Amino acid sequence: MSYVFGRQEAVNAVWDAAKNYTMKDVDGMIENYSPVFGAQVIEDNRKWLNSMEQISMVPYRMIPVKLEGTDEILVLTWSVDNRKCKNGSQQNLDLMVIHDSIFYQLQTVVSVLYV
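Fair warning: this is a prediction, and the values are worked out from it, not measured in the lab.

Caption draft 1: Layout of the confidence of the model for the protein. This prediction gives the protein a mean pLDDT of 85; 87% of its residues lie at or above 70. A low-confidence stretch, residues 106-115 (pLDDT under 50), is modelled with 38 contacts involving residues beyond four sequence positions or located in other chains.

What follows is the structure, encoded as structure tokens:
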């Protein structure tokens, strides 16, 4: 299988979702999700973000790739995630996440694969 560079709009959708995640704005996050996926995850996202005192996702590298011969676009995203939970626990993570086109509005639902 071959890859080519994907569309900037896919990167923009992931970037906007990350900004809204940091602001704990679930409705803003859902705007970047496909309608089907957004409906499936809105309450879980609301519960997750409400459990946080503070949270941030700062992407430092995003690469959109497209599977040749398909409409599938993946956004490979590296980010620093800092989480301070209301229960006092903290996490500082360096993540690599693959967002697929089911996640954002450009196509059809965030499937996320943590590597």
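Caption draft 2: Broad picture of the pattern of salt bridges. Inspection of every chain in the model, using the stated rule, returns six salt bridges. Note that Arg46 and Asp27 form a salt bridge whose closest N and O atoms lie 3.3 Å from each other. Of this pair, Arg46 sits in helix 3 (residues 35-50) while Asp27 sits in helix 2 (residues 26-31), and the two are 19 residues apart along the sequence. Under the relative-accessibility criterion, Arg46 is labelled partly exposed at 27%. A salt bridge links Lys84 to Glu53, with the shortest nitrogen-to-oxygen separation between them at 3.6 Å.

Caption draft 3: Representation of the packing of aromatic side chains within the structure. In this structure the tally under the stated criterion is zero aromatic pairs. Sitting above the plane of the Trp78 ring, Arg61 keeps its charged end 5.4 Å from the centroid.

Caption draft 4: Highlighting the side chain of His99. Secondary-structure assignment places His99 in strand 4 (residues 90-100). Given a relative accessible area of 6%, His99 falls into the buried group.

Caption draft 5: Layout of unusual backbone geometry. Here the phi dihedral of Lys24 falls at roughly 55 degrees; this positive angle occurs in a residue that is not glycine. Residue placement: Lys24 occurs in the loop between helix 1 (8-22) and helix 2.

Caption draft 6: Here's a closer look at the pairing of strand 3 (residues 73-85). Pairing of strand 2 (residues 52-67) with strand 3, which is carried by 13 bridges, proceeds in the antiparallel orientation. Counterpart to Ser56 in the pairing with strand 3 is Asn82. Remark: five residues form the turn of the hairpin made by strand 2 and strand 3, two consecutive strands paired antiparallel; Gly69 in that turn has positive phi of roughly 85 degrees. Looking at chain direction, strand 3 and strand 4 are connected through 11 bridges and run antiparallel. Across the sheet, Asn82 pairs through a bridge with Asn92, a residue of strand 4. Connecting strand 3 to the next strand, strand 4, in antiparallel fashion are four residues, including Gly88 with a positive phi near 100 degrees.

Caption draft 7: Structural detail: the nonpolar core. Ranked by size, the top nonpolar core spans 15 residues in total, and within it Tyr21, Ile30, Tyr33 and Leu49 carry the most contacts. Secondary-structure elements contributing two or more residues to this core are helix 1, helix 2, helix 3 and strand 2. Per-element accounting of this core gives the leading share, four residues, to helix 3. Core analysis: the second largest hydrophobic core is formed by six residues, Val11, Val14, Ile73 and Val75 among them.

Caption draft 8: Just a nonpolar patch on the surface, in detail. Together, Val58, Tyr60 and Val80 make up a nonpolar patch on the protein surface, roughly 240 Å² of accessible area in all. Relative to the assigned elements, Val80 resides in strand 3. On the basis of relative accessible area, Val80 is assigned to the partly exposed category, the value being 32%.

Basis of the calculations
- Residues numbered from 1 in each chain as written.
- Predicted model: local features only at pLDDT ≥ 70, side-chain atom pairs only at ≥ 80, totals over all residues.
- Heavy atoms only, no water.
- pLDDT = per-residue confidence, 0-100.
- Contact = heavy atoms within 4.5 Å.
- Salt bridge = Lys/Arg side-chain N within 4 Å of Asp/Glu carboxyl O.
- Helix = DSSP H or I, 4+ residues; strand = E, 2+ residues; numbered from the N terminus.
- Buried < 20%, exposed > 50% of the residue type's maximum accessible area, 1.4 Å probe, protein only.
- Phe/Tyr/Trp six-rings, centres within 6.5 Å; stacked < 30°, edge-to-face > 60°.
- Lys NZ or Arg CZ within 6 Å of the ring centre and 35° of its normal.
- Pairing = 2+ DSSP bridges.
- Core = buried A, V, L, I, M, F, W, Y, C linked by side-chain atoms within 4.5 Å.
- Patch = residues over 30% accessible without salt bridge, like charges linked within 9 Å, V, L, I, M, F, W, Y side chains within 5 Å.
- Areas by Shrake-Rupley, 256 points an atom, 1.4 Å probe, with all protein chains shown as cover.

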